[in-house]
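Listed below, chain by chain, are the residues.
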Amino acid sequence: MKYWLFKSEPDVFSIDDLAAKPNQQEHWDGIRNYQARNFLRDEVKLGDQVFFYHSSCKQLGIAGIAEVVKESYPDHSQFDPESKYFDPKSSPDNPRWVMVDIQLKEKFSEILSLQKIKSLAGINDIGLVKKGHRLSIMPVSEVEWHILCDNSQH
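These numbers come from a predicted model, not from an experiment.

**Student:** I would appreciate a short explanation of the environment of tryptophan 28 in the present structure.
**Tutor:** Here tryptophan 28 shows up in strand E2 (residues 25-28). Owing to a relative accessible area of 5%, tryptophan 28 belongs among the buried residues under this scheme. Taking the C-alpha atoms as reference points, tryptophan 28 and glutamate 142, 114 residues apart in sequence, are found 22 Å from one another. Each residue touching tryptophan 28, except ones within four places of it in the same chain, is listed here: Phe6, Lys7, Ser8, Phe13, Phe52, Met99, Val100, Ile102 and Ile137.

**Student:** Explanation requested: the packing of aromatic side chains in the structure shown.
**Tutor:** Summed over all chains, the structure comprises eight aromatic pairs. Seen in terms of ring centroids, tryptophan 28 and phenylalanine 52 are 5.3 Å apart; in terms of plane orientation they differ by 85°. Their pairing is edge-to-face. Of the two residues, tryptophan 28 sits in strand E2 while phenylalanine 52 sits in strand E3 (residues 49-54), which places them 24 residues apart along the sequence. Both residues of the pair, tryptophan 28 and phenylalanine 52, belong to the buried class. Ring geometry for tyrosine 34 versus tryptophan 97: centroids 4.8 Å apart, planes at 35°, classification tilted.

Rules used in this analysis
Residues numbered from 1 in each chain as written. Predicted model: local features only at pLDDT ≥ 70, side-chain atom pairs only at ≥ 80, totals over all residues. Heavy atoms only, no water. Helix = DSSP H or I, 4+ residues; strand = E, 2+ residues; numbered from the N terminus. Buried < 20%, exposed > 50% of the residue type's maximum accessible area, 1.4 Å probe, protein only. Contact = heavy atoms within 4.5 Å. Phe/Tyr/Trp six-rings, centres within 6.5 Å; stacked < 30°, edge-to-face > 60°.

Okay, here's the thing in structure tokens:
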């Protein structure tokens, strides 16, 4: 099992939106960065644990935990000319972009803020605390996963 951090802008899709979905489950679509895509396609597996991170908002931070319940498959939005994620160079025979399905496991009672994350001893390698790391999908080490879980408000 691996650990991940998935970023989402809460005004687009929040942890509350995930909680409101049937079975608290939804696909994670719209990834248009090749490195993030490669993580989804090649490394994110069934049962992996995911921090759900709210980005580009007033209260940046980890909002809760989800689990991968379906491994990568073609992102349908790449084929839809009406979608902002449409990719005219992608085709059903040769899709460029993938998504996974996640299911909510736990919503934290309080956001674990980026400021708090940066202050924690042992949190050095996660992309959130490194300059220039802006990926929306990033790996989290098992050690950092446990530190972050121990410092969250369950």
